[in-house]
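Chain and residue survey
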Amino acid sequence: ASFACNTVQRLFNGGNKFDGAMNETGVLSDPEVANIYTEYSSEAKVILQNLGYNYLVTNERGKPTIFSNCTAYNVTGSSLAKAHVRIGLIEIETYIEKLCFKYVGKKLTKVVQDEIETKINDYLKGLVQNGSIHAGVATILDVDNDADAKAAGGFVIDMALSFDPLAEKIINRYSVNPMGS
């Protein structure tokens, strides 16, 4: 497990944080990695993935490689069950926390809220343009930021994000035509 964590951390530190740590980006390259079991039946792979385990395969260079994109969160159909989505959310949250930090101590005027909303949306547009996310928009609505929210010293930023799925299955389809046609 520690080698798989190291692989994800390498991707997080040196690559596109929104990519998945599987297949080519999921190679366990640590020299100490040896004798890892990577031979699973198709049924075992389905069971492991449904349980939230990232199973390993041996790639064409003989290296053990992460070959799924699961988290331990296993609500069927939830994007939160995908590791690259969780890592992407952490990256976005970290950026927004840094961006908003300079506004701590300022009055929460409409001008300040509009400025924050614009900066976050510019960041999200950049993520869409470079292919990190499929879509994203931030809104600061007055209905969510009533007198009670402001009296508590905060405000709500609503985020709507859409991540692109990773290719986890490739399906080949063949059509066999009559000979000579």
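For clarity, every value in this text was computed on a predicted model and none was experimentally measured. (Residues numbered from 1 in each chain as written. Predicted model: local features only at pLDDT ≥ 70, side-chain atom pairs only at ≥ 80, totals over all residues. Heavy atoms only, no water.)

Within the structure shown, the criterion is met by one aromatic pair. On the numbers, 3.7 Å between centres and 10 degrees between planes, the contact of Tyr-95 with Tyr-123 is stacked. You can see Tyr-95 sitting in helix H3 (residues 83-101) and its partner Tyr-123 sitting in helix H4 (residues 110-129), a full 28 residues away along the chain. Classification of Tyr-95 as partly exposed rests on a relative accessible area of 32%. Tyr-123 sits in the buried class, given a relative accessible area of 14%. (Phe/Tyr/Trp six-rings, centres within 6.5 Å; stacked < 30°, edge-to-face > 60°. Helix = DSSP H or I, 4+ residues; strand = E, 2+ residues; numbered from the N terminus. Buried < 20%, exposed > 50% of the residue type's maximum accessible area, 1.4 Å probe, protein only.)

Ile-92, Leu-99, Ile-116, Ile-120, Leu-124, Leu-127 and Ile-133 are the most contacted members of the largest nonpolar core, which totals 16 residues. Sorting the residues of this core by element identifies H3 and H4 as the ones contributing at least two each. Non-local contacts of Leu-99, meaning those with residues more than four positions away in its chain, are made with Ile-116, Lys-119 and Ile-120. (Core = buried A, V, L, I, M, F, W, Y, C linked by side-chain atoms within 4.5 Å. Contact = heavy atoms within 4.5 Å.)

Keep in mind that these numbers describe shape and distance, not what the molecule does.
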